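For reference, the chains in residue letters:
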Amino acid sequence: FKPADFTSKADFMIMVKRFTGIEGQPETNIYSDIKPSDYYADAVGTVSKYGLVKGTSGTEFKPKDNITRQEVISVLAGILERLGKLEKSNLSILDSFIDEDFVSPYAREYMADFIGMGIVSGDDRKKLNPVEPITRAEVCVLIKKVYDLL
């Protein structure tokens with residue numbers, strides 16, 4: 001399992017597919033950097049089909065890249081939102097973190113919501129580390145916290 005290792009985008013898609021239980025015919029051939037034979041192709045295709053994730057461009061997913069905290073939070077918050085379980089928070093909640101300016105525009109609302117819900121609290125230096133890679137253990141903690149809300 002290697003909990004201290006960073007999580008690749010591909011492996012996170014597998015976790016999301018298993019966590020949500022989504023099934024169906026996956027989107028195929030949507031990303032030029034994923035072959036149908038890749039172990040993660042089905043998960044990426046299925047999660048993409050449900051609109052839970054987009055590639056880094058119109059044609060690339062970069063599955064072997066490490067996924068960032070804000071990317072994970074955006075996907076998990078999107079799941080909660082679709083289920084009507086996401087509690088909205090004011091963006092000003094981000095102001096108490098010294099790196100809030102590094103939270104990408106697409107992730108700001110979800111990051112604020114997760115802070116307000118107590119799912120994310122930042123580190124002991126008052127940093128969210130939104131663009132940093134996230135470990136497998138940290139992903140599991142976030143998934144468990146989201147699962148407990150369902």
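Here the structure is shown first, and the text comes after it.
Residues numbered from 1 in each chain as written. Predicted model: local features only at pLDDT ≥ 70, side-chain atom pairs only at ≥ 80, totals over all residues. Heavy atoms only, no water.

Draft legend 1. Molecular detail of the pattern of salt bridges. Scanning the model with the defined rule gives 11 salt bridges in all. Here Asp 148 ties to Lys 144 by a salt bridge, and the two come within 2.7 Å at their closest N and O atoms. One end of the pair is Asp 148 and the other is Lys 144, both in helix H5 (residues 136–149) and four residues apart, which spans about a single turn. In this structure Asp 148 comes out as partly exposed when scored by relative accessible area, which is 47%. Taken together, the shared-partner salt bridges connect Glu 81, Lys 88, Glu 109 and Asp 113 into one network. (Salt bridge = Lys/Arg side-chain N within 4 Å of Asp/Glu carboxyl O. Helix = DSSP H or I, 4+ residues; strand = E, 2+ residues; numbered from the N terminus. Buried < 20%, exposed > 50% of the residue type's maximum accessible area, 1.4 Å probe, protein only.)

Draft legend 2. The arrangement of the side chain of Lys 9 in detail. Inspection of the secondary structure assignment puts Lys 9 in helix H1 (residues 9–20). Judged by its relative accessible area of 8%, Lys 9 is buried. When residues no more than four places from it in sequence are discounted, the contact partners of Lys 9 are Thr 56, Phe 61, Lys 62, Pro 63, Asp 65, Asn 66, Ile 67 and Glu 71. (Contact = heavy atoms within 4.5 Å.)

Draft legend 3. Looking closely at a nonpolar patch on the surface. On the surface, a cluster of nonpolar side chains totalling about 330 Å² of accessible area is made up of Leu 83, Tyr 147 and Leu 150. For Tyr 147, the position within the fold is in helix H5. (Patch = residues over 30% accessible without salt bridge, like charges linked within 9 Å, V, L, I, M, F, W, Y side chains within 5 Å. Areas by Shrake-Rupley, 256 points an atom, 1.4 Å probe, with all protein chains shown as cover.)

Draft legend 4. Inspection of the layout of surface pockets at higher detail. In this structure, the largest pocket occupies an estimated 420 Å³ of space. Contributing to the lining of the largest pocket are 19 residues, with Leu 52, Val 53, Lys 54, Ser 74 and Val 75 lying nearest its centre. When contributions to the lining of the largest pocket are tallied by element, the ones reaching two or more residues are H1 and helix H3 (69–82). It is H3 that contributes the most residues to the lining of the largest pocket, seven residues altogether. Classifying every residue of the lining of the largest pocket by side-chain character gives nine nonpolar, five polar and five charged. Taken together, 16 residues form the lining of the second largest pocket, with Arg 69, Val 120, Gly 122, Glu 138 and Leu 142 sitting closest to its centre. Secondary structure elements with two or more residues in the lining of the second largest pocket: H3 and H5. Of the residues forming the lining of the second largest pocket, the biggest block, four residues, is contributed by H5. Considering only residue class, the lining of the second largest pocket consists of eight nonpolar, three polar and five charged. (1 Å grid on protein atoms, 1.4 Å probe; cavity = no way out; pocket = protein on both sides within 12 Å on 5 of 7 lines; lining within 4 Å. Points joined across faces, edges and corners; volume = space filled by probe spheres on them. Nonpolar A, V, L, I, M, F, W, Y, C, P; charged D, E, K, R; others polar.)

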